[in-house]
Amino acid sequence: MKRIFFVYGLLSMFLTAPVWAAGDAAAGKLKTASCAGCHGQDGAGLPNLGPQLDGSDWVTGSEDRLVKILIHGLTDPIMINGKSFTPLAFMPGLGVNPAIKDRDIADISTFIRANWTNRAAQVTEATVTRIRKETSNRSAGQMYSQKDFPVKK
Ligand code: HEC
């Protein structure tokens with residue numbers, strides 16, 4: 001029962017979404033509360049939990065890649081800013097949660113791309129909708145890994 005309330009608590013953070021077309025950083029800030037549990041409030045990462053979001057090329061680089069991993073999750077060692085990072089766990093995707101809409105993922109992406117020292121363009125809801133469609137052949141819980149995003153030599 002406790003567990004159900006916990007899940008409900010997490011969900012309710014995502015249910016108060018406003019309905020603007022372009023990603024909204026202020027709304028995204030509220031919706032990234034759960035991300036901070038692994039990545040830190042200051043975006044610097046937390047030891048053994050999640051790597052940095054501040055100054056990470058996964059955040060400020062390709063918006064398609066960012067949206068893909070937010071929807072489907074990410075696992076196994078990755079390269080962040082040219083350095084190898086080996087996670088102790090994986091990052092679950094938000095796509096399996098029907099309460100999290102494309103709008104929410106746009107807001108979250110927009111917020112992390114514009115917060116701390118990051119200064120990358122906003123992500124629109126239409127982009128998230130497109131990527132969700134393009135990747136709809138992935139099964140639930142099928143996470144991405146670095147091999148899906150070959151590092152350019
Ligand atoms: C349960 C812990 C956890 C939560 C919650 C979580 N992440 Fe992650 N995240 C991880 C881990 C672990 C990795 C590294 C995965 C890997 O190396 O394969 C990661 C990787 C990432 C990356 C790519 C690497 C980087 O740091 O730039 C981004 C971007 C990201 N997460 C964003 C988010 C956002 C946004 C949220 C909230 C919606 C979130 N994460 C919630 C654990 C988490």
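Structural data are supplied above this passage.
Residues numbered from 1 in each chain as written. Predicted model: local features only at pLDDT ≥ 70, side-chain atom pairs only at ≥ 80, totals over all residues.

Chemist: Looking at this structure, I do not really get the site of the ligand. What am I missing?
Modeler: In the neighbourhood of the ligand, 30 residues make up the surrounding shell, with Cys35, Cys38, Ser56, Trp58 and Met91 lying closest. At the level of secondary structure, the elements contributing two or more residues to the shell around the ligand comprise α3 (33–39), α4 (57–60), α5 (63–72), β2 (78–80) and α6 (102–114). Here the shell around the ligand takes 5 residues from α3, the largest share from any one element. For the shell around the ligand, the class distribution of residues is 21 nonpolar, 8 polar and 1 charged. (Near = placed C-beta within 6 Å. Helix = DSSP H or I, 4+ residues; strand = E, 2+ residues; numbered from the N terminus. Nonpolar A, V, L, I, M, F, W, Y, C, P; charged D, E, K, R; others polar.)

Chemist: Would you mind showing me how to read unusual backbone geometry here?
Modeler: Peptide bonds are trans in most cases, and residues, glycine excluded, mostly fall at negative phi. With phi around 70°, Asn48 is a residue other than glycine that occupies positive phi space. As for its placement among the helices and strands, Asn48 is situated in the loop between α3 and α4. Positive phi, normally seen in glycine, also occurs at Asn81, with a value near 50°. The residue Asn81 is located in the loop between β2 and β3 (83–85) in this model. We classify Asn81 as partly exposed; it has 13 C-beta atoms within 10 Å. (Buried ≥ 20, exposed ≤ 12 C-beta atoms within 10 Å, placed from the backbone.)

Chemist: Looking at this structure, how should I read the packing of α5 against α6?
Modeler: The axes of two packed helices give the description: the angle between them and the distance between them. Between α5 and α6, whose axes approach to 11 Å, the crossing angle comes to 125°. As summarised for this structure, α5 and α6 are arranged oblique, according to the angle between their axes. Between α5 and α6 lies a crossing of right-handed hand. Where α5 abuts α6, its residues Glu63, Leu66, Val67, Leu70 and Ile71 lie against Ile105, Ile108 and Ser109. The residue inventory of the contact of α5 with α6, partitioned by class, reads 6 nonpolar, 1 polar and 1 charged. (Axes fitted to C-alpha atoms, helices over the stretch in contact; angles between N-to-C directions. Parallel < 35°, antiparallel > 145°, perpendicular 65-115°, else oblique. Left-handed = near helix turned anticlockwise from the far one by under 90°. Contact = placed C-beta atoms within 7 Å.)

Chemist: What's the story with α6 in this structure? I'm lost.
Modeler: Note: α-helices contain 3.6 residues per turn, so residues at a spacing of three or four share the same orientation. An ideal rise of 1.5 Å per residue puts 18 Å on 13 residues; α6 measures up with 18 Å between its terminal C-alpha atoms. Buried residues dominate α6, accounting for 12 of its 13 residues. Within α6, burial applies to Asp102, Arg103, Asp104, Ile105, Ala106, Asp107, Ile108, Ser109, Thr110, Phe111, Ile112 and Arg113. (Expected span 1.5 Å × (residues − 1).)

Note that all results are geometric; they support no functional claim without further evidence.
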